[in-house]
Amino acid sequence: MQLIKIILFVLPSLLVSDAFGNGINKNSVFVCYGRLDPEAIKGYSYVILESKYYTFYEVQRIKSQNEKVVAYISLGEINTNSAYFQQFNSDFSGKNEVWNSHYLNLKSEKTTELLMKMVDNILANGYDGLFLDNIDNFSDYGPQSNQKALVVQLIKRIKTEYFNHILIQNAGLELINETG
């Protein structure tokens, strides 16, 4: 169900941008949170991937066959299966029982530095940018609403440090004026 919500938000937002005349034909989006043969991912305007499944060389191959390739990252939660989970050392602000993940405490400098390390590692693999997930967690009715200013600050920091990369915000429309 969450994947459907993601697709329903991302696809229209990418297609609508054509109305502003930037000249790029954004007619297809591919989202995959699993592992596929890089040769099978061809001809898309945007490809959104779970970075842990692809090497630098595979990302380069996928980029050669598509317009933009971005990596998934959650700025609000970390799943217990993540390779980074233990590094957060229980510095959480709650648990999402549905996804078996924990809400990240952006009030902790250690948490934001670990997130930036994750961003560094992901973008070092050659991605064109990031698909920022769980931004809605920081909206008025989200479980991390008390950290709204902190996620905005983090997104601005990512954009400042990686100004040549694209950022796609998933949900959190309430924050778009501050993050856009």
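Residues numbered from 1 in each chain as written. Predicted model: local features only at pLDDT ≥ 70, side-chain atom pairs only at ≥ 80, totals over all residues. Heavy atoms only, no water.

K.L.:
Would you take a moment to explain the pairing of strand β2 (residues 46-49) for this structure?
P.N.:
By the alternation rule, side chains of β2 split into Y46 and I48 and V47 and L49, which are all buried. Pairing between strand β1 (residues 29-32) and β2: four bridges, direction parallel. Within β2, the residue paired with V31 across the bridge is I48. Pairing analysis gives four bridges linking β2 to strand β3 (residues 68-74), with the strands arranged parallel. The partner of L49 across the bridge, within β3, is A71. (Buried < 20%, exposed > 50% of the residue type's maximum accessible area, 1.4 Å probe, protein only. Helix = DSSP H or I, 4+ residues; strand = E, 2+ residues; numbered from the N terminus. Pairing = 2+ DSSP bridges.)

K.L.:
For this particular structure, what's the right way to read the sheet that holds strand β5 (residues 92-96)?
P.N.:
As a general point, the strands of a sheet are linked pairwise by backbone hydrogen bonds and lie either parallel or antiparallel. As summarised here, the arrangement of the three strands in space is β4-β6-β5, forming an open sheet in which the pairing is antiparallel. Only two strands of the sheet have a single neighbouring strand rather than two, namely β4 (77-79) and β5. Ignoring strand direction, the axes of neighbouring strands in this sheet form an average angle of 30°. Two elements, β5 and strand β6 (residues 101-104), share three bridges in a ladder whose sense is antiparallel. (Axes fitted to C-alpha atoms, helices over the stretch in contact; angles between N-to-C directions.)

K.L.:
Is there a simple way to think about the confidence of the model for the chain in this case?
P.N.:
Close reading of the predicted structure is inappropriate where its pLDDT is low. In this model, the chain carries an average pLDDT of 87, and 86% of its residues clear a pLDDT of 70 or more. Across residues 1-9, confidence stays below pLDDT 50; counting only partners more than four residues off in sequence or on other chains, it has 12 contacts. In this model, residues 11-25 is a region of pLDDT below 50 whose contacts with residues beyond four sequence positions or in other chains number 15 contacts. (pLDDT = per-residue confidence, 0-100. Contact = heavy atoms within 4.5 Å.)

K.L.:
Mind showing me how you'd approach the pattern of salt bridges here?
P.N.:
Pairs can form between side chains of opposite charge once their charged atoms are near each other. Per the counting criterion, the structure on display carries seven salt bridges. The closest approach of N and O atoms between R157 and E161, which form a salt bridge, is 3.0 Å. Here R157 and its partner E161 are both found in helix α4 (residues 148-161), four residues apart, which amounts to about one turn of the helix. Assessed through its relative accessible area of 28%, R157 is described here as partly exposed. Exposure remark for E161: the relative accessible area of 42% places this residue in the partly exposed category. (Salt bridge = Lys/Arg side-chain N within 4 Å of Asp/Glu carboxyl O.)

K.L.:
What exactly am I supposed to notice about the nonpolar core here?
P.N.:
In a soluble, globular protein the nonpolar side chains are often hidden away together inside. Grouped together as the largest cluster of nonpolar side chains are 38 residues, with contacts concentrated most on L49, L75, Y127, L130 and V151. Among the elements of the structure, β1, β2, α2 (56-64), β3, α3 (109-123), β7 (129-133) and α4 are those that each provide at least two residues to this core. Among the elements that make up this core, the one with the highest residue count is α3 (seven residues). In contact with L75, not counting residues within four places along its chain, are L104, L106, L115, L132, D133, I135, F138, V151, L154, I155 and I158. Formed by seven residues, the second largest nonpolar core is a distinct cluster that contains I48, V70, F131 and I168. (Core = buried A, V, L, I, M, F, W, Y, C linked by side-chain atoms within 4.5 Å.)

K.L.:
Would you mind going over the sheet that holds β3 with me for this structure?
P.N.:
Spatially, the five strands line up as an open sheet ordered β1-β2-β3-β7-β8, and their pairing is parallel. For this open sheet the edge positions go to β1 and β8 (166-169), each flanked by a neighbour on one side alone. Taking the axes of each pair of neighbouring strands and ignoring which way they run, one obtains an average angle of 25° across the sheet. Against the sheet, α4 contacts β7 and β8, and its axis sits at roughly 155° relative to β8.

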